[in-house]
Amino acid sequence: MKNFKTPTALPLLFYVLVSCAQTQPKNTMEEAHGHTHYPAYTGVSAHKLIFPSAVPDRIIVNLTEDPAHSVAVNWRTDQSVAEGYVEVAKETHGPDFLLEGNRKRIKAETQMFENENIRDNEPLVKAAYHAAVIDGLEPGTTYVYRVGDGLDGDARWSEWFQIQTPKDDLAPFSFIYFGDAQNNVKSMWSRVVRKSYQMMPTVDFMLHAGDLINHSEANEEWGEWFYAGGYIHATVPSIMTPGNHEYNKGVLSALWRPQFNLPNNGPFKATQETCYAVEYKNMKVVSIDAVSLQDQEASRQAQVQWLDSVLANNTKKWTVLTMHYPIFSTAKGRDNTVLRESLLPLINKYKVDLVLQGHDHTYARGTVTNQDEGLTVQEDAGTVYAVSVSGPKMYASQDQEWMQRRGEFTQLFQIITVGQDTLSYEAYTPLGSLYDAFDLQKDSNGAKKLTNREAELPERFRKDFVGEE
Ligand SMILES: [Fe+2]
Ligand SMILES: [Fe+2]
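A short tour of the structure in this document, coming up. Treat the numbers as computed from the prediction; the structure is a model and nothing was measured. (Residues numbered from 1 in each chain as written. Chains lettered and ligands numbered in written order. Predicted model: local features only at pLDDT ≥ 70, side-chain atom pairs only at ≥ 80, totals over all residues.)

1. As for the overall build of the protein chain
Right, on to step 1. The helix and strand tally for the protein chain stands at 9 helices and 27 strands.
Right, on to step 2. The buried share of the protein chain, reckoned over its 469 residues, is 45%.
Right, on to step 3. Taking all contacts inside the protein chain whose residues are at least 6 apart in sequence as the whole, residues at least 24 apart take part in 70%. (Helix = DSSP H or I, 4+ residues; strand = E, 2+ residues; numbered from the N terminus. Buried ≥ 20, exposed ≤ 12 C-beta atoms within 10 Å, placed from the backbone. Contact = placed C-beta atoms within 7 Å.)

2. Overview of the packing of helix 2 (residues 185–199) against helix 3 (residues 219–229)
Right, on to step 1. Look at helix 2 against helix 3: their axes get within 8 Å of each other, and the N-to-C directions meet at 30°. Relative to helix 3, the element helix 2 is oriented roughly parallel. Every pair of crossing elements has a handedness; the one defined by helix 2 and helix 3 is right-handed. Across from Val-185, Lys-186, Trp-189, Ser-190 and Val-193 in helix 2, the residues of helix 3 making contact are Glu-221, Glu-224, Trp-225, Tyr-227, Ala-228 and Gly-229. (Axes fitted to C-alpha atoms, helices over the stretch in contact; angles between N-to-C directions. Parallel < 35°, antiparallel > 145°, perpendicular 65-115°, else oblique. Left-handed = near helix turned anticlockwise from the far one by under 90°.)

3. Some words on the sheet that holds strand 10 (residues 161–164)
Right, on to step 1. Judged by pairing direction, the sheet is antiparallel, and its 4 strands sit side by side in the order 6-5-9-10 without closing on themselves. Whereas interior strands pair on both sides, the edge strands pair on one side only; in this sheet they are strand 6 (103–107) and strand 10. With strand direction ignored, the average angle separating the axes of adjacent strands in the sheet is 30°.
Right, on to step 2. Judged from the 4 bridges that link them, strand 9 (residues 142–148) and strand 10 form a sheet pairing that is antiparallel. Within the sheet, the bridge partner assigned to Val-144 lies in strand 10 and is Gln-162. (Pairing = 2+ DSSP bridges.)

4. Details of the sheet that holds strand 20 (residues 363–367)
Right, on to step 1. Across the sheet, which stays open at both edges, the 7 strands sit in the order 16-17-18-19-22-20-23 with mixed pairing between neighbours. Edge positions in the sheet fall to strand 16 (276–280) and strand 23 (403–407), since each has one partner strand and no second. When strand polarity is set aside, the average angle formed by the axes of neighbouring strands in this sheet is 15°.

5. A short note on the nonpolar core
Right, on to step 1. Membership of the largest hydrophobic core comes to 107 residues, with the highest contact counts inside it found for Val-73 and Phe-205.
Right, on to step 2. Two domains each donate at least three residues to this core, and these are domain 1 (48–164) and domain 2 (173–466). (Core = buried A, V, L, I, M, F, W, Y, C linked by C-beta atoms within 7 Å. Domains from an automatic or database assignment.)

6. Focus: helix 2
Right, on to step 1. Helix length check: helix 2 (15 residues) gives 20 Å between terminal C-alpha atoms against 21 Å at 1.5 Å per residue, within 8%.
Right, on to step 2. Against strand 11 (173–178), helix 3, helix 4 (231–235) and strand 24 (413–418) lie the buried residues of helix 2. (Expected span 1.5 Å × (residues − 1).)

7. Some remarks on the packing of helix 7 (residues 297–312) against helix 8 (residues 337–349)
Right, on to step 1. It is at 10 Å that the axes of helix 7 and helix 8 come closest, and there the two elements cross at 20°. For the element pair helix 7 / helix 8, the angle class is roughly parallel. In the crossing of helix 7 with helix 8, the sense of the turn from one axis to the other is right-handed. Residues Arg-300, Val-304, Leu-307, Asp-308 and Leu-311 of helix 7 touch helix 8, and the partners they reach there are Val-338, Ser-342 and Leu-346.

8. As for the environment of Thr-274
Right, on to step 1. Note that Thr-274 resides in the loop between helix 5 (256–259) and strand 16.
Right, on to step 2. Residue classification places Thr-274 among the buried positions, given that 28 C-beta atoms sit within 10 Å.
Right, on to step 3. Taking the C-alpha atoms as reference points, Thr-274 and Ile-239, separated by 35 residues in sequence, lie 9.7 Å from one another.
Right, on to step 4. Contacts of Thr-274, omitting those with residues within four sequence positions, involve Thr-241, Pro-242, Leu-252, Ser-287 and Asp-289.

9. Overview of the pairing of strand 11
Right, on to step 1. Counting buried positions along strand 11 gives 5 out of 6 residues, so the element sits mostly inside the fold.
Right, on to step 2. Relative to strand 24, strand 11 is paired through 5 bridges, and the arrangement is antiparallel. Bridge pairing in strand 24 places Phe-175 opposite Ile-416.
Right, on to step 3. Both strand 11 and strand 12 (residues 205–208) contribute to a ladder of 4 bridges, which runs parallel. Looking across to strand 12, one finds that Phe-178 is bridged to His-208.
Right, on to step 4. In this fold, the crossover linking strand 11 to strand 12 by way of helix 2 has right-handed handedness. (Right-handed = clockwise from strand over helix to strand, strands pointing away.)

10. Describing the environment of Glu-426
Right, on to step 1. Mapped onto the elements of the fold, Glu-426 is located in strand 25 (residues 422–428).
Right, on to step 2. Since 20 C-beta atoms lie within 10 Å of it, Glu-426 is described here as buried.
Right, on to step 3. As a C-alpha pair, Glu-426 and Ala-455 span 29 residues in sequence and 9.1 Å in three-dimensional space.
Right, on to step 4. With residues up to four places along the chain from it excluded, the contact list for Glu-426 reads Gln-414, Ile-415, Leu-434 and Ala-437.

11. Here's the deal with the pairing of strand 17 (residues 283–287)
Right, on to step 1. Within strand 17, 4 of the 5 residues are buried, leaving the element largely enclosed by the surrounding structure.
Right, on to step 2. Relative to strand 17, strand 16 runs antiparallel, the two being bridged by 5 bridges. Looking across to strand 17, one finds that Tyr-280 is bridged to Met-283.
Right, on to step 3. Counted along the chain from strand 16 to the antiparallel partner strand 17, the turn is 2 residues long, and its residue Lys-281 has a positive phi close to 50°.
Right, on to step 4. Here strand 17 pairs with strand 18 (residues 318–322) via 5 bridges, running parallel. Considered in strand 18, the bridge of Val-286 is made with Leu-321.

Here it is as structure tokens:
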């Protein structure tokens with residue numbers, strides 16, 4: 001409907017009627033190509049989300065390779081800020097962290113950056129991106145940090161954000177996993193990320209399984225993503241793996257590396273900050289760049305070889321992979337053969353516990369060894385695969401043998417709690433209702449038992465809301 005041409009005289013009346021009808025907010029949901037779309041809001045106020053100022057925005061903390069002792073921070077300003085600084089101190093009961101000697105200042109790496117998203121008629125955006133790693137931290141400690149230009153006064157600094165390093169022990173920790181946010185992120189993803197934080201304010205980190213936005217270069221959409229998460233992005237460290245919407249014609253979004261500060265321990269330069277591994281207490285998490293793996297032979301070979309060596313040397317009890325494209329799709333006709341044939345042998349060989357994915361805009365969770373759907377306890381469970389979606393764009397799916405729980409037309413976030421011998425997984429809706437849950441128990445020989453837990457909601461299907469296709 002966006003592509004109306006200037007009307008000629010004859011259909012003018014029709015055009016006017018349609019145009020007027022469009023201004024009525026009676027139904028903001030459109031059905032097209034079997035998918036649910038919500039028209040994006042564009043307007044003058046959206047530009048506030050696009051342009052930087054001298055005051056830091058898009059502030060985000062990312063996990064490093066050593067989360068107990070360091071955290072990466074990244075933010076954006078306009079180009080009048082030529083140098084960026086982080087100040088950090090141990091949190092105190094009062095303002096005493098401000099006293100001389102209590103806080104440390106770190107100079108960031110600053111890069112000038114410009115980006116023009118012609119596809120969406122966005123203006124040229126000139127920005128300065130600042131990246132720093134706060135290191136030398138003590139485990140299990142609350143710190144405060146702020147980012148700014150280093151000058152006196154608070155005007156061009158952020159507020160002080162609290163962050164907490166994990167304890168150097170094996171006490172359980174939690175992270176939240178999000179499938180595709182992607183569309184109408186300010187309007188409709190915001191409440192999902194906020195509800196997740198409300199339900200688990202002590203969450204240790206967040207994991208985004210790709211398609212955070214819809215158009216890789218769209219500054220407005222990235223602005224919406226940072227707006228929706230607000231101070232949560234600056235408080236809870238996150239990691240993200242890129243989806244096909246972070247790519248355009250084989251090229252990663254120009255904004256990805258400037259605006260995030262993700263680990264750089266992957267196989268080669270082309271997958272810097274997209275394919276990497278982090279360790280969090282007794283868990284290893286690996287981000288696979290599924291898009292470049294599937295599209296580029298050199299990337300496929302490099303990532304497969306690298307993953308083999310990473311998993312061969314893995315000493316952690318729990319192993320989680322995240323990638324955008326699913327190994328097993330929720331829908332027929334969305335099969336990712338190259339990805340599966342490349343990675344499934346390694347997933348099986350190294351007995352990966354959990355694979356967290358997106359892309360299909362539906363929900364499904366299960367195991368390949370799922371012999372009997374509905375089985376409450378599954379001995380020798382093998383790898384659990386999950387596909388989820390957190391944004392409002394919804395597809396249909398088909399029931400398949402590997403699925404133990406399925407869902408459509410439901411925005412979800414997953415709280416995953418990892419202990420010494422048990423990993424608990426809970427999927428919630430924006431109402432905070434439990435949609436899916438299971439526990440994995442692993443003994444000292446690596447044998448795994450999966451126990452399905454009862455959900456609060458029946459399985460939801462798209463046809464029950466928008467009719468049959
Ligand atoms: Fe996708
Ligand atoms: Fe997507």
